[in-house]
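Structural description and commentary
Listed below, chain by chain, are the residues.
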Amino acid sequence: MYWIGAVLIGVISVVFAKIGDWAADSRSEIIGWNPWVMLIVTPVGLAFITWMTRTIFKGAQGSGIPQTIATLHIDNYSMVDRVLSLRISLGKILLTSLGLICGASIGREGPSVQIGASIMHAFSRFLGQSNIAARRSMILAGGAAGMAAAFNTPLAGIVFAIEELSHSFEQKASGRTLTVVVLSGVTAIALLGNYTYFGHADVTIPIGTAWIAVLTCGILGGLAGGGFSAILIRISKGIPGWIGRFGAQRPIAFAAACGLILAIIGIGSNGSTYGTGYAQAHAIFNGTEHYPASFFILKYLAMIVSYCSGIPGGMFAPSLAIGAGIGGWIEQFLPHTAPGAVVLLGTVAYFCGVAQSPLTATIIVMEICDNQQVTLALLATSFLAFGVSKMVCPRPLYTTLADRFMEATERAAKAAANVSQISDPHKK
């Protein structure tokens, strides 16, 4: 049954990827017809997605990683069943894909984590598992497999489970995680071929003056990523002022306003800030395109606005694009280091600055570019960025968002219990 669940995660990850590619192509066709149409498509689309998350797919909003982390710490399993329901997983796929068509700066990797966790949780329920540790290990394995299958990075999936999802290493859970990650990855490879997310990067970073890039990228990436996390954590508490009140009172209209801002940013960037940023990051990695600093600045703003809108969508792929943009901009000031190497260092630095998971960041970048020659430099950059990011944002982003999610869930449960008690005062 574990193996069937693992294969299913691989299949659904491939289907999700295909739908995401179709969404990106559809957006490109819309922009090719008339880029100004996005001033209508994006606001209307984000408003519709927000309406869907508040009616048909309640609970589908957000990245998916904080929700998965929260389920590993929630003792009320009826609540876990709601968070990891297959209905919400379907909503994640449909609404994230619709968000990509509309030009939101989101990725599918975060939702893939929650989808993978939901699938394995469903199998856990089917098997009638009552042991809490066993059920949590299934959730952990499914979340890791979802991320690994989305990027085709099995090692990163395992480390992600240990470093980000569970913050621990437990032998039985790790063995199950390894099995599920490998099987889902094999399934994805069988369906798509043995590919690397950004192709092959044949670059080296020899010890010496080239390591100035390690210091530069580590510090700038850590500052930028830590700043991004700090902003999102502040927003998760509630946007201050009249904007926050407007967002709370009229969420659908607020999402439309966010969509209008995203469309304006997209038009100003010639469409480069729309979607996951995969095409731009891939071009920067290969050296076929050179984007100005405005690319990663505007992409940075687009990600914040996309998060504020409350629509489903992850932050991994857009973060890789921003990191690649930062590296591509820094490389022009460091002629003594191979340009492609600086791009890799910028990518790992910013990604780690956001997630504050240095091992996961290092292995993801190493695997998506099929290059083990720069591992030492990636590790050094990642841990430097981690330290800088911690100074800017002391609490990890996903852990903090998971805490916020658990607090909101508990408040909602208490409110529902109070309503039930008022309606039936004799109910115990």
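Parameters and conventions
- Residues numbered from 1 in each chain as written.
- Predicted model: local features only at pLDDT ≥ 70, side-chain atom pairs only at ≥ 80, totals over all residues.
- Heavy atoms only, no water.
- Helix = DSSP H or I, 4+ residues; strand = E, 2+ residues; numbered from the N terminus.
- Buried < 20%, exposed > 50% of the residue type's maximum accessible area, 1.4 Å probe, protein only.
- Contact = heavy atoms within 4.5 Å.
- Areas by Shrake-Rupley, 256 points an atom, 1.4 Å probe, with all protein chains shown as cover.
- Salt bridge = Lys/Arg side-chain N within 4 Å of Asp/Glu carboxyl O.
- Expected span 1.5 Å × (residues − 1).
- Axes fitted to C-alpha atoms, helices over the stretch in contact; angles between N-to-C directions.
- Left-handed = near helix turned anticlockwise from the far one by under 90°.
- Nonpolar A, V, L, I, M, F, W, Y, C, P; charged D, E, K, R; others polar.
- Patch = residues over 30% accessible without salt bridge, like charges linked within 9 Å, V, L, I, M, F, W, Y side chains within 5 Å.
- Phe/Tyr/Trp six-rings, centres within 6.5 Å; stacked < 30°, edge-to-face > 60°.
- Polar contact = N/O pair within 3.5 Å; in protein donor to acceptor, adjacent residues only side chain to side chain.
- Core = buried A, V, L, I, M, F, W, Y, C linked by side-chain atoms within 4.5 Å.
- 1 Å grid on protein atoms, 1.4 Å probe; cavity = no way out; pocket = protein on both sides within 12 Å on 5 of 7 lines; lining within 4 Å.
- Points joined across faces, edges and corners; volume = space filled by probe spheres on them.

When its secondary structure is counted, the protein shows 19 helices and zero strands. Going through the 428 residues of the protein one by one, you find that 57% of them count as buried. Excluding contacts between residues fewer than 6 apart, the proportion of contacts in the protein whose partners are at least 24 apart in sequence is 82%. Here the protein has roughly 17,500 Å² of accessible surface; of this, 66% comes from carbon and sulfur atoms.

Taken as a whole and assessed by the stated rule, the structure comprises three salt bridges. Where Arg125 meets Asp81, a salt bridge forms, and the shortest distance between an N and an O atom there is 3.8 Å. Placement of Arg125 in helix α6 (residues 109-126) and of Asp81 in helix α4 (residues 77-83) is noted, with a sequence separation of 44 residues between them. When its relative accessible area of 47% is taken as the criterion, Arg125 is described as partly exposed. Put simply, Asp403 and Arg395 hold a salt bridge, and the shortest N to O gap is 2.5 Å. Take Asp403: its relative accessible area is 22%, and that puts it in the partly exposed class. Bridged by salt links that share partners, the residues Asp81, Arg125 and Arg135 form one connected network.

Attention now goes to helix α14 (residues 293-309). When the terminal C-alpha atoms of α14 are compared, their 25 Å separation across 17 residues agrees well with the 24 Å that a helix rising 1.5 Å per residue should span. Residues of α14 that are buried include every one of Ala293, Phe295, Phe296, Lys299, Tyr300, Ala302, Met303, Ile304, Val305, Ser306 and Ser309, and no others. Residues of α14 that are buried make contact with α2 (38-54), α10 (212-236), α12 (251-268), α13 (278-286), α15 (316-330) and α16 (339-355).

Axis angle and axis distance: for two packed helices, these are the angle between their axes and the distance between the axes, and together they describe the pair. Their axes nearest at 9 Å, the elements helix α17 (residues 358-368) and helix α18 (residues 375-392) cross at an angle of 145 degrees. Considering how the two elements wind past one another, α17 and α18 form a crossing that is right-handed. On the side of α17, the interface is formed by Pro358, Leu359, Ala361, Thr362, Val365 and Met366, while α18 contributes Thr375, Leu378, Leu379, Ser382, Phe383 and Phe386. The residue makeup of the contact of α17 with α18, split by class, is nine nonpolar, three polar and no charged.

Residues Leu215, Ile219, Leu220, Leu223, Met391 and Val392 make up a contiguous nonpolar surface patch of roughly 550 Å² in combined accessible area. Elements with a minimum of two residues in the nonpolar patch: α10 and α18. The biggest single contributor to the nonpolar patch is α10, with four residues. Relative to the helices and strands, Val392 resides in helix α18.

Under the definition given, this model contains nine aromatic pairs. An angle of 35 degrees between the planes, with centres 4.9 Å apart, marks the rings of Tyr291 and Phe295 as tilted. Given a relative accessible area of 25%, Tyr291 falls into the partly exposed group. Assessed through its relative accessible area of 2%, Phe295 is described here as buried. Between the aromatic rings of Phe316 and Phe351, the centroid separation amounts to 4.9 Å while the plane-to-plane angle is 75 degrees, which identifies the pairing as edge-to-face.

Turning our eyes to something else, we now look at the environment of Leu95. Inspection of the secondary structure assignment puts Leu95 in helix α5 (residues 86-102). Residue Leu95 is classed as buried on the basis of its relative accessible area of 2%. Linking Leu95 and Gly313, residues 218 residues apart in sequence, is a C-alpha distance of 8.2 Å.

This brings us to the side chain of Ser105. Mapped onto the elements, Ser105 comes out in the loop between α5 and α6. At 3.1 Å, the side chain of Ser105 forms a polar contact with the side chain of Lys299.

Before going further, it helps to spend a moment on the nonpolar core. Core analysis: the largest hydrophobic core is formed by 76 residues, its most contacted members being Phe228 and Phe316. Excluding its chain neighbours within four sequence positions, the residues that come into contact with Phe316 are Ile65, Glu109, Met147, Phe151, Phe160, Phe351, Ile364 and Tyr398. By size, the runner-up hydrophobic cluster in this structure holds 21 residues, among which are Ile49, Met52, Ile265 and Val305.

Glancing now at the packing of helix α1 (residues 2-33) against helix α7 (residues 132-151). Two elements in contact, α1 and α7, have axes separated by 9 Å at closest approach and are oriented at 35 degrees. The element α1 and its partner α7 pack so that their crossing is right-handed. Only Met138, Gly142, Ala145, Gly146, Ala149 and Ala150 of α7 make contact with α1, whose side of the interface consists of Tyr2, Ile9, Gly10 and Ser13. Among the residues making up the contact of α1 with α7, the classes are represented as six nonpolar, four polar and no charged.

Further remarks concern empty space enclosed by the protein. Considering all chains together, one arrives at three cavities of 30 Å³ or more under this definition. Considering only enclosed or pocket space, the largest cavity measures out at about 60 Å³ in volume. Contributing to the lining of the largest cavity are Ile284, Glu289, His290, Tyr291, Gly325, Gly328, Trp329 and Glu331. Top contributing element to the lining of the largest cavity by residue count: α15, with three residues. In this structure, the second largest cavity occupies an estimated 40 Å³ of space. As for the second largest cavity, its lining consists of Ile9, Ile12, Ser13, Phe16, Ser112, Ile115, Gly116 and Ile119. Contributing elements (two or more residues each) for the lining of the second largest cavity: α1 and α6. Taken together, the residues of the lining of the second largest cavity sort by class into five nonpolar, three polar and no charged.

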